[in-house]
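# Geometric and topological summary
Residue-level listing of the chains:
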Amino acid sequence: MEFVDPEDEPHPFRDPPLPDDRIWRHPSEMGPKRTPVRRQLWVVGITAAVAASLLSTGLAVVLGTVFDEGSTGSGGNRATLVSLPARSTAGANGDVVQIAEHVRPAIAQLRVAGAPGTTAGSGSGVVFRSDGEVLTNAHVVDGASSVTVVLSSGRELPGQVVGSDPDSDTAVVKIDGGPFPFAELGTAADLKVGQQAIAMGSPLGLSGGPSVTVGVVSALHRSVATRNSTRVLMDMVQTDAPIAPGSSGGALVDSGGRVIGITTAVAVSDTGTDGFGFATPIDVARSSAEQLVATGRVANAWLGVEGSDLDAPSALDLSVAGGARVDRVVVDSPAEHAGVAARDVIVGVDGRAVMSVGMLVVAVRGHRPGDVVTLDVMRDHEHRAMKATVVERPPDS
């Protein structure tokens, strides 16, 4: 777009056209003579038409399609490239600036080298402890022979993979030399669809520090099948805050600057990216990370049921919002010992509603083996409370 200095513009009153060719007059030319009413109406009509034309043109610029510089409009004229105002978000831009300044120092880039002959890659991470514990995705460090952690300041440090949990796509990398700036971990338990979400990561392995994108929480409790694995990620947070390749393992932050999720995946269809991505709820990621730091592995709690999401007509019949229908109970499992049977519907765990199988899995996974959980089970249109002592998930389940 070419910008013209106002001083170089021709003045509208320089070298005016001859009087007979004008529909306007300079005030200095106007005398006491009154213009006939008929002429006044004619001038008003012309002026209104011009104003309407200008107004409609202005609306087209604001509301119409923004063309690429190489695009052409009707008649073969090149369309003007227009910068439209950014979409407003739940928080003011100044709030986003403050949040970015607060959280960005805790966002790191991870440069990952694989086995000899494999291609190196990059991802992101969130420093969540001052001693240098970095939370990231399991798929970012999968098969890594070495990891280099690049802090937002540009400082590069060798990282050691403490452990990973593919079920939640969570991993922890340790760096030495702290104390380091770290991010505050919040909770995803009270998220609302439509609230502001800010994604921070290091896309495409670019240097110069983390990137910041702004959007909203688009949906909750999504189950996402990964493209290169048979694994399904449960209870994911969906957001339209842009998440580019290389941002995996970064932070999804709320309007208070607290981490509510670890960005994990981008939705992709046959035509390309679909404009939204997913994050592992921070409650799940934190639980896995704490176990990895303590023991180097994650012992996932297991109930021992297989099921499906309750359909809408059945939910209406039971007067519930949703639930996990039990299709099969594993023999000698915690669920069987608690009295759960096929065709039961689990609608709550420890007083929190369960709307789907994914929510049930995540609710149970939030416990440690040996914990006692209270199940709200619907059977024959009646609520029944059942207590189950969860165990570590068997390897073949």
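In this text, all values refer to a predicted model and were calculated from it rather than measured experimentally.

### Describing the overall build of the protein chain
A count of helical and extended segments in the protein chain gives 7 helices and 20 strands. Out of the 397 residues in the protein chain, the part that is buried amounts to 37%. Taking as baseline every contact in the protein chain between residues at least 6 positions apart, the subset at least 24 positions apart corresponds to 59%. Accessible surface for the protein chain amounts to roughly 22400 Å². Of this, 54% is attributable to carbon and sulfur atoms.

### Regarding empty space enclosed by the protein
The final tally for this structure, using the stated rule, is 1 cavity of 30 Å³ or more. Within this model, the largest cavity holds a volume of roughly 40 Å³. As for the largest cavity, its lining consists of Asp167, Ser168, Leu233, Met234, Met236, Thr280, Pro281, Val284 and Arg365. Of all the elements in the fold, those that place two or more residues in the lining of the largest cavity are β9 (232-239) and β12 (272-281). Here the lining of the largest cavity gets 3 residues from one element, more than from any other, and that element is β9. When the residues that make up the lining of the largest cavity are grouped by side-chain class, the tally is 5 nonpolar, 2 polar and 2 charged.

### With respect to the side chain of glutamine 109
As for its placement among the helices and strands, glutamine 109 is situated in strand β1 (residues 107-113). A polar contact is formed between the side chain of glutamine 109 and the backbone oxygen of leucine 206, at a distance of 2.9 Å. Apart from residues lying up to four places away in sequence, glutamine 109 is in contact with Gly123, Thr148, Val149, Val150, Ser202, Gly205 and Leu206.

### Structural notes on the pattern of salt bridges
With the rule as written, the count across this model stands at 10 salt bridges. When the shortest N-O distance is used, the salt bridge between lysine 174 and aspartate 176 registers 3.0 Å. Here glutamate 290 and arginine 368 are joined by a salt bridge, their closest N and O atoms 3.9 Å apart. Of this pair, glutamate 290 sits in helix α4 (residues 282-295) while arginine 368 is found in the loop between α7 (357-365) and β18 (372-379), placing the two residues 78 residues apart along the sequence.

### Quick word on the pairing of strand β16 (residues 345-349)
The buried fraction of β16 is high, at 5 of 5 residues. Inspection of the sheet shows strand β15 (residues 324-329) paired to β16 by 2 bridges, in the antiparallel sense. By the bridge assignment for β16, arginine 325 is matched with valine 345. Relative to β18, β16 is paired through 4 bridges, and the arrangement is antiparallel. Bridging across to β18, valine 345 finds its partner in methionine 378. As consecutive antiparallel partners, β16 and strand β17 (residues 352-353) are separated by 2 residues, and within that stretch aspartate 350 has a phi angle of approximately 55°, a positive value.

### Structural notes on the packing of aromatic side chains
Taken as a whole and judged by the stated rule, the model has 1 aromatic pair. Between the aromatic rings of phenylalanine 276 and phenylalanine 278, the centroid separation amounts to 5.8 Å while the plane-to-plane angle is 85°, which identifies the pairing as edge-to-face. Its relative accessible area of 28% is what places phenylalanine 276 among the partly exposed residues.

### Section: unusual backbone geometry
Each neighbour pair has its own omega, and for glycine 178 with proline 179 the value is 10°, a cis peptide bond. Here proline 179 is to be found in the loop between β6 (170-174) and β7 (196-201). Positive phi is not limited to glycine here, since arginine 343 has a value of about 80°. Tracing the backbone shows arginine 343 in the loop between α6 (334-338) and β16.

### With respect to the sheet that holds strand β4 (residues 146-150)
Around the barrel, 6 strands lie side by side as β1-β2-β3-β6-β5-β4; this closed barrel has antiparallel pairing. Mean inter-strand twist for the sheet, computed between neighbouring axes without regard to direction, equals 40°. With 4 bridges joining them, β4 and strand β5 (residues 156-165) adopt antiparallel strand pairing. Residue pairing for β5: valine 147 is matched across the bridge by glycine 159. Relative to β6, α4 is tilted by about 50°, and along the sheet it contacts β3 (133-136), β5 and β6.

Analysis parameters
- Every chain's residues receive numbers from 1 upward, in the order its sequence appears when written.
- Where local features are concerned, this predicted model is filtered to residues with pLDDT of at least 70; where side-chain atom pairs are given and counted, the filter is 80 or more; whole-chain, interface and lining totals use all residues.
- Only hydrogens and water are set aside when side-chain values are computed; all heavy atoms of the structure are taken into account.
- The helix count covers DSSP runs of H or I at least four residues long, the strand count covers runs of E at least two residues long, and both are numbered beginning at the N terminus.
- Three labels apply to residues, based on accessible area from a 1.4 Å probe with only protein chains included: buried if under 20% of the type maximum, exposed if over 50%, partly exposed otherwise in between.
- Every residue pair with non-hydrogen atoms within 4.5 Å of one another is taken to be in contact.
- For the area figures, the Shrake-Rupley method with a 1.4 Å probe applies, and any residue is considered shielded solely by the protein chains shown.
- A cavity, in this analysis, means grid points on a 1 Å lattice covering only the protein atoms where a 1.4 Å probe fits yet has no way out; a pocket is instead an open set bounded by protein on both sides within 12 Å along at least five of seven lines, and a residue lines either one if it has an atom within 4 Å of a point.
- Grid points are joined across faces, edges and corners, and a volume is the space filled by probe spheres set on the points.
- Only Asp, Glu, Lys and Arg are considered charged in this grouping, and only Ala, Val, Leu, Ile, Met, Phe, Trp, Tyr, Cys and Pro are considered nonpolar; every other residue, Gly among them, is considered polar.
- Two N or O atoms form a polar contact when they lie within 3.5 Å of each other; inside protein one atom must be a possible hydrogen donor and the other a possible acceptor, and for residues adjacent in sequence the pair counts only when both atoms belong to side chains.
- Should a side-chain nitrogen of Lys or Arg be within 4 Å of a carboxyl oxygen of Asp or Glu, the pair is scored as a salt bridge.
- For two strands to be treated as a pair, DSSP must find at least two bridges joining them.
- Ring pairs shown here join Phe, Tyr and Trp side chains whose ring centres sit within 6.5 Å, with only the six-membered ring taken for Trp; geometry is labelled stacked below 30 degrees between planes, edge-to-face above 60, and tilted in between.
- In this analysis an axis means a line fitted to C-alpha atoms, helices contributing only their contacting stretch, and an angle means the value between N-to-C directions, from 0 to 180 degrees.

Purely spatial values, then, with no claim about function.
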